[in-house]
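What follows is the residue order along each chain.
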Amino acid sequence: MANQNHETGTKRRLVGSKLLSAVAAAALCAGAGAAIAATPKNALVMAWNIDAISTFDPAQVGEVVTNEILQNTCDTLVDFDSADERKVVPSFAERWDVSPDRKEITFHLRKGAKFPSGNPVTPEDVAWSMHRVVKLNFGNAATLTEYGFTKDNVEQTIVAGGDTLTLKLDKPYPTTLVLQAIAANRVSMVMDKKTLLANEQGSDLGNKYLATRTACVGPYKLTRWNAGESIVLEANDGYWGKAPALKRILIRHVAEPGTQRLLLSQGDVDVARDLTPEDLKDLEGSKDVSIIKVLRPQLFYWGFNVADGPFSKEKVRLAMRYLIDYEGLGKTVMTYLGVPRASFAQLGAVGALDEKEGQPFKLDLDKAKQLLTEAGYPNGFEASVLFGTLPHANPIAQSIQQNAAKVGVKLSLERMANAQLFSKVRGREYQSAMLAWQTGVPDAHGNASRLVFNPDNRLEAKQTQYPSWRAAYQDLELNKQIDAALLEPDAAKRDALYASIQKDVMAKGPMAFMFQMNSVVGVRKDLKSWTWNGFRTYYERTSK
């Protein structure tokens, strides 16, 4: 695809551009005549690769794209402070109280709010929304079960009363972490119980209904999703909070970064989300476009299925880390897009190793060869690498493939749609794969609890929201250390425990972490107040 005839590709992109303008105008400007280059004044039009979307159920969603959409349509109990992501601020909960033993948090909820359906929002809706996450037992149930909530106790430990909601914890977890991990997470999104039960199929608690729509309270509501084409959000007129400045959000599925760049340059979209370093470099001097980036808690990694074969050997996994040209890729493919990072704890997180200690590896073919020989593979081996449509995935995979060949390791590369990649990895149907993982909290526990901790490694356990489980990796000693670090009240001792865990995982873990990603966008300069941090993008704050 990259080598196709330039003229043909350009013509195709121009046609796509005209089509997008026409669709945007038709969808967002009722009664408009011909297509126009400028986007509507009352709408944000965005180009983004959204092929990973498969559901809008907060109990099931695991993809970054869908999570961002839900964050702008479904309120959580608290929210991340846009100016300081380590802090939380009120959202659907106006305030909260914490018991002296830190085992109860009581949230005082907004009064008088209504769902888009017109149904009033009650504390029972809030409690039921969290109960259903645990009862459905999709991947996101782990966000609650790891803090002691179970199918058997959830109705007694997440309790509505008056205008409040109380979380009753089994242990004195750090309060700030609970607020970040649960109250600011999609598992606390306030769902319309009456609507979901009215559309229940079997005992699915509205799961199939939410496959194509939302039913929650938030600044926007989902009004249309055409899979592989577009999403339209409209401002929720009955919203309890401040009304969004822009009435509509149109997200167009545009897979090719080059097409996104063209649409942005022409003014057919306000924001482009998947631009390459080359695109970003070329746009830096534009009088019409600004490049905005923020370091986010997302790690791009090469994961290994350790169930059998070469990747079951610790020294083989360690050898793979020495095939990665962190420095070279960081200066080329990953310019703008991310920074080298080999630790599972992202920069900026409580307990994370610093930039130097968290990146001890470099390209070293001799070291890789030595480790392979010690592992029993002096002549290398053959393995496959799956990866998706992220623009940096292919060049990184090719670079590693070339380095691996020099030490006898033959890697076959297979690119696929993101939804297909996620399905294979979540089913353990792979040898190795390159993909991204983003935590929901600015604390080392966020990634330690998913990328390292594995509560049940049995295939039938289907712990799909644990990348450690997807890799068939379980280290019971590390599980114990992670539990200890979580509850350690002394901050210095807690940091030391996480430092030890990070170093162990870099030596023997099931994933070679490569880069911590930036969120980078190209934004037309007539779009004002694009607001985000590593954990949230705030559509309602944009204006024109």
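It should be emphasised that the depicted structure is a prediction, and the values quoted were computed from it without experimental measurement.

Visitor: Quick question: what am I supposed to make of the confidence of the model for the protein here?
Guide: Detailed reading of predicted coordinates is not advised where the pLDDT is low. The predicted model of the protein has a mean per-residue pLDDT of 92, with 93% of residues at 70 or higher. Here residues 1–36 is a poorly scored stretch, pLDDT under 50, and it has 32 contacts once near neighbours within four places are set aside; other chains count.

Visitor: Where do I start with the side chain of R321 in this structure?
Guide: Tracing the backbone through its elements, the reader meets R321 in helix α10 (residues 314–321). This buried residue, R321, is left without a salt bridge; E314 holds the nearest opposite charge, at 9.4 Å. The contact partners of R321, leaving out residues within four places of it in the chain, are Y326, F361, V505, M506, G509, M511 and A512.

Visitor: Would you explain the packing of helix α17 (residues 476–487) against helix α18 (residues 491–508) in this entry?
Guide: Two numbers describe a pair of packed helices, the interaxial angle and the distance between the axes. Between α17 and α18, the shortest axis-to-axis distance is 9 Å and the interhelical angle comes to 155 degrees. Relative to α18, the element α17 lies roughly antiparallel. As α17 runs across α18, the sense of the crossing is left-handed. Here α17 contributes L478, Q481, I482, A484, A485 and L486 to the contact with α18, which in turn contributes R494, L497, Y498, S500, I501, D504, V505 and K508. Across the contact of α17 with α18, the residue classes break down as nine nonpolar, two polar and three charged.

Visitor: Help me understand the state of the cysteines, please; the structure alone is not making it clear to me.
Guide: Disulfides are covalent bonds that connect the sulfur atoms of two cysteines. Under the defined criterion, the tally for this structure stands at one disulfide. Paired through a disulfide, C74 and C216 show a sulfur-sulfur distance of 2.0 Å. In this structure the cystine formed by C74 and C216 twists about its S-S bond by roughly -50 degrees; its chirality is therefore left-handed. Residue C74 is located in the loop between α2 (64–71) and β2 (78–81), and its partner C216 is located in the loop between α7 (193–198) and β8 (220–226); the two are separated by 142 residues in the primary sequence.

Visitor: Whenever I open this one, empty space enclosed by the protein confuses me. Can you help?
Guide: For the structure on display, the rule yields four cavities of 30 Å³ or more. Together, 14 residues line the second largest cavity, and V64, E68, Q438, G534 and T537 are the ones closest to its centre. It is α2 that provides the largest number of residues to the lining of the second largest cavity, a total of four residues. Its residues placed into classes, the lining of the second largest cavity shows three nonpolar, seven polar and four charged.

Visitor: Help me out: how do you make sense of helix α6 (residues 175–183) in this one?
Guide: Because an α-helix packs 3.6 residues into every turn, residues spaced three or four apart end up facing the same way. The element α6 is largely enclosed, with a buried count of eight among its nine residues. Taken together, the buried positions of α6 are occupied by T175, L177, V178, L179, Q180, A181, I182 and A183.

Visitor: Sorry, what's going on with the packing of aromatic side chains here?
Guide: For any pair of aromatic rings, the description consists of the separation of the ring centres together with the inter-plane angle of the planes. In the structure shown here, the tally under the stated rule is 14 aromatic pairs. Taking 5.2 Å as the distance between ring centres and 85 degrees as the angle between the ring planes, the aromatic pair formed by F56 and W225 counts as edge-to-face. Note that F56 is positioned in the loop between β1 (43–48) and α2 and W225 in strand β8, a separation of 169 residues in sequence. On the accessibility criterion, W225 (18% relative accessible area) is buried. Pairing F311 with F381 gives two aromatic rings, centres 5.7 Å apart and planes at 90 degrees, and the pair type is edge-to-face. Linking F311 in the loop between β12 (289–304) and α10 with F381 in the loop between α12 (365–374) and β14 (382–387), this pair joins segments that are 70 residues apart in sequence.

Visitor: Would you take a moment to explain the pairing of strand β16 (residues 432–438) for this structure?
Guide: Every other side chain in a regular strand lies on the same face of the sheet, so the side chains alternate between the two faces. The buried fraction of β16 amounts to five of the seven residues, a majority that puts the element mostly inside the structure. Relative to β16, β12 runs antiparallel, the two sharing seven bridges. From the neighbouring strand, W302 faces β16, where its bridge partner is M434. Summarising the sheet, β14 and β16 pair through three bridges and their orientation is parallel. Following the sheet pairing, F387 is matched in β16 by M434.

Visitor: Quick question: what am I supposed to make of the pattern of salt bridges here?
Guide: Applying the stated criterion across every chain, the model contains 21 salt bridges. One connected set of salt bridges, linked through shared partners, spans R261, D279 and D282.

Visitor: Looking at this model, I keep getting lost on unusual backbone geometry. Mind explaining?
Guide: Glycine aside, negative phi is the norm for most residues, and most peptide bonds take the trans geometry. The phi angle at R428 is positive, at roughly 60 degrees, despite the residue not being glycine. Structurally, R428 is set in the loop between α14 (418–426) and β16. Relative accessible area serves as the criterion here: at 15%, R428 is assigned to the buried category. You will see that S529, though not glycine, has its phi angle at about 60 degrees, which is positive. Looking at the element boundaries, S529 is found in the segment after β17 (511–524). Taking relative accessible area as the criterion, S529 reaches 43% and is therefore assigned partly exposed.

The rules behind each value
Residues numbered from 1 in each chain as written. Predicted model: local features only at pLDDT ≥ 70, side-chain atom pairs only at ≥ 80, totals over all residues. Heavy atoms only, no water. pLDDT = per-residue confidence, 0-100. Contact = heavy atoms within 4.5 Å. Helix = DSSP H or I, 4+ residues; strand = E, 2+ residues; numbered from the N terminus. Buried < 20%, exposed > 50% of the residue type's maximum accessible area, 1.4 Å probe, protein only. Lys, Arg positive; Asp, Glu negative; His and termini not counted. Salt bridge = Lys/Arg side-chain N within 4 Å of Asp/Glu carboxyl O. Axes fitted to C-alpha atoms, helices over the stretch in contact; angles between N-to-C directions. Parallel < 35°, antiparallel > 145°, perpendicular 65-115°, else oblique. Left-handed = near helix turned anticlockwise from the far one by under 90°. Nonpolar A, V, L, I, M, F, W, Y, C, P; charged D, E, K, R; others polar. Disulfide = S-S within 2.5 Å. 1 Å grid on protein atoms, 1.4 Å probe; cavity = no way out; pocket = protein on both sides within 12 Å on 5 of 7 lines; lining within 4 Å. Points joined across faces, edges and corners; volume = space filled by probe spheres on them. Phe/Tyr/Trp six-rings, centres within 6.5 Å; stacked < 30°, edge-to-face > 60°. Pairing = 2+ DSSP bridges.

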